[in-house]
Amino acid sequence: MSVPNVIIHRDADMLAKAVAARVITRTVDVQSGKGSASLVLTGGTVGIATLAEIAASPARDAIDWRNLDIWWGDERFLPSGHPERNETGARQALLDHVDVDPARVHVMRGPDSGMTAEESAEAYADELRRAARPEDHGPAPSFDVMMLGMGPDGHVASLFPGMPALYETRPVVAVHGSPKPPPTRISLTLPVIQGSREVWLIAAGEEKAGAVRLALSDSGPMQVPAAGARGRRQTLFLLDRAAASKIPSSLGRLSSP
């Protein structure tokens, strides 16, 4: 796994703009090299703001949207179109405004599909298996970029401290009893996260500062799940100044005034 690189931006607004620019640049670079790319989206305030910034950028048209696979790191087990679903926010902010191939937008299904949470998790795992190539060496694609938000408790995706999902080796699990509502969710697991080429952890706000510090320390992923979120080739902690306020200044570089 790669050693994290910390990049600090002035505030949450600048962070969203910078991450959006980074997504566009990285996606174009990957597509230039192999024709297609895979991107794992995250929800949350900054995650959705980033998608809105991509939609608003003139540079968005440099992406070949028809040859981009869109995935999610986790989803709230709620009906399609529910305002609290990550998918709903992503569609409103970005996906409804670009020419994505619907077959390449890989959605975690909700209870309106007739599935239980466990069945939804297994269906998503099947999609991952079908998309994986021999060079991925596992039951899921080695995603080009996985974006993850981080909670004040250090959770990523829907992997919360001390919960059984952190011990899972299956690629996707149903999470019950989440300490953050809603209680039932679907989540990728740490082995899939760690199989990604690049993992970007995105955090803004002083309430995240303690978790950021622990995630960059020697803490274990069972106590601080973000400490286990590392990419194979690159791991970025993309932060605003408030979220970076408790880490040593030597760890991060200021990227915007």
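Residues numbered from 1 in each chain as written. Predicted model: local features only at pLDDT ≥ 70, side-chain atom pairs only at ≥ 80, totals over all residues. Heavy atoms only, no water.

- Per an unreviewed UniProt entry, the protein is named 6-phosphogluconolactonase, and its organism is Streptosporangium roseum.
- Quoted verbatim from the Catalytic activity (unreviewed entry) field of the UniProt record, the comment on the protein reads "6-phospho-D-glucono-1,5-lactone + H2O = 6-phospho-D-gluconate + H(+)".
- Of the protein, the UniProt comment under Sequence similarities (unreviewed entry) reads exactly: "Belongs to the glucosamine/galactosamine-6-phosphate isomerase family. 6-phosphogluconolactonase subfamily." (UniProt positions renumbered as here; feature names shortened; annotations may be inferred.)

1. Concerning the pattern of salt bridges
- Inspection of the entire model under this criterion finds 17 salt bridges.
- The salt bridge involving Arg85 is made with Glu75; its shortest N-O contact spans 3.7 Å. Linking Arg85 in the loop between strand E4 (74–76) and helix H3 (86–93) with Glu75 in strand E4, this pair joins segments that are 10 residues apart in sequence.
- As a salt-bridge pair, Arg85 and Glu87 come within 2.8 Å of each other at their nearest N and O atoms. Like Glu87, Arg85 is buried. (Salt bridge = Lys/Arg side-chain N within 4 Å of Asp/Glu carboxyl O. Helix = DSSP H or I, 4+ residues; strand = E, 2+ residues; numbered from the N terminus. Buried < 20%, exposed > 50% of the residue type's maximum accessible area, 1.4 Å probe, protein only.)

2. What about the layout of surface pockets?
- Size it by volume and the largest pocket reaches roughly 420 Å³.
- Together, 23 residues line the largest pocket, and Gly43, Gly44, Gly149, Met150 and Lys180 are the ones closest to its centre.
- Here the lining of the largest pocket gets four residues from one element, more than from any other, and that element is helix H2 (residues 44–56).
- Of the residues in the lining of the largest pocket, the class split is nine nonpolar, nine polar and five charged.
- Estimates place the volume of the second largest pocket at around 180 Å³.
- Around the second largest pocket, the lining is made up of 13 residues, and of these Ser38, Asp69, Ala131, Arg133 and Pro141 lie nearest the centre.
- For the lining of the second largest pocket, the secondary structure elements donating two or more residues are strand E2 (37–41) and strand E3 (68–72). (1 Å grid on protein atoms, 1.4 Å probe; cavity = no way out; pocket = protein on both sides within 12 Å on 5 of 7 lines; lining within 4 Å. Points joined across faces, edges and corners; volume = space filled by probe spheres on them. Nonpolar A, V, L, I, M, F, W, Y, C, P; charged D, E, K, R; others polar.)

3. As for H2
- Its 13 residues place the ends of H2 18 Å apart at the C-alpha level, agreeing with the 18 Å of an ideal helix rising 1.5 Å per residue.
- Listing the buried residues of H2 in full gives Val46, Gly47, Thr50, Leu51, Ile54 and Ala55.
- Its buried side turned inward, H2 meets helix H1 (12–34), E2, H3, strand E5 (145–149) and strand E8 (198–203). (Expected span 1.5 Å × (residues − 1). Contact = heavy atoms within 4.5 Å.)

4. A look at empty space enclosed by the protein
- For the coordinates displayed, the defined rule picks out one cavity of 30 Å³ or more.
- Taken as a whole, the largest cavity spans an internal volume of roughly 40 Å³.
- Around the largest cavity, the lining residues are Arg26, Thr27, Val30, Ala37, Ser38, Leu39, Leu68, Asp144 and Val145.
- Counted by class, the lining of the largest cavity contains five nonpolar, two polar and two charged residues.

5. Side note on the pairing of E5
- Across the five residues of E5, four count as buried, placing the element largely inside the fold.
- Of the pairings in the sheet, the one linking E2 to E5 comprises two bridges and is parallel in character. If you follow Val40 over to E5, its bridge partner there is Met146.
- Where E5 meets E8, four bridges bridge the pair, whose relative direction is parallel. (Pairing = 2+ DSSP bridges.)

6. Digging into helix H4 (residues 117–131)
- Over its 15 residues, H4 runs 21 Å from end to end, which matches the ideal 21 Å to within 8%, given 1.5 Å per residue.
- Structurally, H4 contributes buried residues whose contacts are with E3, strand E6 (172–175) and strand E7 (185–188).

7. Some remarks on the environment of Gly151
- Note on placement: Gly151 falls in the loop between E5 and E6.
- Considering only alpha carbons, one finds Gly151 and Pro225, 74 residues apart in sequence, at a separation of 9.8 Å.
- Among all residues touching Gly151, those that are not within four sequence positions of it are Lys208 and Ala211.

8. As for the sheet that holds E7
- Pairing is antiparallel across the open sheet formed by three strands, whose spatial order is E4-E7-E6. A strand with exactly one partner marks an edge of an open sheet, and here the two such strands are E4 and E6. When strand polarity is set aside, the average angle formed by the axes of neighbouring strands in this sheet is 15°.
- Pairing geometry for E6 and E7, over four bridges, is antiparallel. Within E7, the position partnered with Val173 by the bridge is Ser187.
- Sitting on the sheet, H4 touches E6 and E7, and the angle it makes with E6 is about 160°. (Axes fitted to C-alpha atoms, helices over the stretch in contact; angles between N-to-C directions.)

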